[in-house]
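Structure assessment
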Amino acid sequence: MEAPKYNKSRIMKSAWSMFKAGKKVGRHVLTFGECLKEAWKNERSSYNKAMNMYNLWNLAAKQEKEKDAKRNVKVSSMAFMADTLVNYYANNRYNGD
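Quick caveat: nothing in here was measured; it's all calculated off a predicted structure.

Rules behind the numbers
- Residues numbered from 1 in each chain as written.
- Predicted model: local features only at pLDDT ≥ 70, side-chain atom pairs only at ≥ 80, totals over all residues.
- Heavy atoms only, no water.
- Salt bridge = Lys/Arg side-chain N within 4 Å of Asp/Glu carboxyl O.
- Helix = DSSP H or I, 4+ residues; strand = E, 2+ residues; numbered from the N terminus.
- Buried < 20%, exposed > 50% of the residue type's maximum accessible area, 1.4 Å probe, protein only.
- Core = buried A, V, L, I, M, F, W, Y, C linked by side-chain atoms within 4.5 Å.
- Contact = heavy atoms within 4.5 Å.
- Expected span 1.5 Å × (residues − 1).
- Arc of directions from axis to C-beta.

1. Looking at the pattern of salt bridges
- The full count for this structure, using the stated rule, is 3 salt bridges.
- Residue Arg10 pairs with Glu43 through a salt bridge whose shortest N-O separation is 3.1 Å. With Arg10 in helix α1 (residues 8-21) and Glu43 in helix α2 (residues 32-80), the pair connects residues that are 33 residues apart, well separated along the chain.
- Linking Lys41 and Glu38 is a salt bridge whose minimum nitrogen-to-oxygen distance equals 3.7 Å. A residue pair is termed a helical-turn pair when its members lie 3 or 4 positions apart in one helix, as Lys41 and Glu38 do in helix α2 at 3 residues.
- A relative accessible area of 48% places Lys41 in the partly exposed class.
- One continuous salt-bridge network, built from bridges that share partners, spans Lys23, Glu38 and Lys41.

2. Focus: the nonpolar core
- Grouped together as the largest cluster of nonpolar side chains are 6 residues: Ile11, Ala15, Met18, Leu30, Cys35 and Ala39.
- Per-element accounting of this core gives the leading share, 3 residues, to α1.
- If near-sequence neighbours (up to four positions away) are discounted, Ala15 is found in contact with Phe32, Cys35, Leu36 and Ala39.

3. Observations regarding the environment of Lys37
- Of note, Lys37 is situated in helix α2.
- A C-alpha to C-alpha distance of 9.4 Å links Lys37 and Ile11, two positions 26 residues apart in sequence.

4. Considering the environment of Cys35
- On the secondary structure map, Cys35 appears in helix α2.
- Taking C-alpha positions, Cys35 is 7.5 Å from Trp16, a pair spaced 19 residues apart along the chain.
- Residues in contact with Cys35, not counting those within four places in the same chain, are Ala15, Met18, Phe19 and Leu30.

5. Concerning α1
- Along its 14 residues, α1 runs 20 Å from first to last C-alpha, staying within 8% of the 20 Å computed at 1.5 Å per residue.
- Where α1 is concerned, the buried positions are Ile11, Ala15 and Met18. Viewed end-on, α1 has its buried residues packed into an arc of 65°, placing them on one side of the element. In α1, the exposed residues that point more than 90 degrees away from the buried face are Lys13, Lys20 and Ala21.
- Two residues or fewer after α1 comes Gly22, characterised by a positive phi angle close to 75°.

Next up, the structure:
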């Protein structure tokens, strides 16, 4: 699997905005390093959420294709049997075995 590509520009902007705003945890004001760690954590969680949504979407699309494939098989099998069914039910009556 390929390593994820993060938007480093967005991470740095987020860290600087947290640092300039003076983000606090309790009474402790975060240092720039702590803000940077927080920004990376946020970016990873948003990436994971996006990948989960992407995987769910792919799974749903795959299941839809499988359903369509099953539907097509049933329809084509009935078309294959059309000639024999006409013989059994000629003139809207069952013509027994």
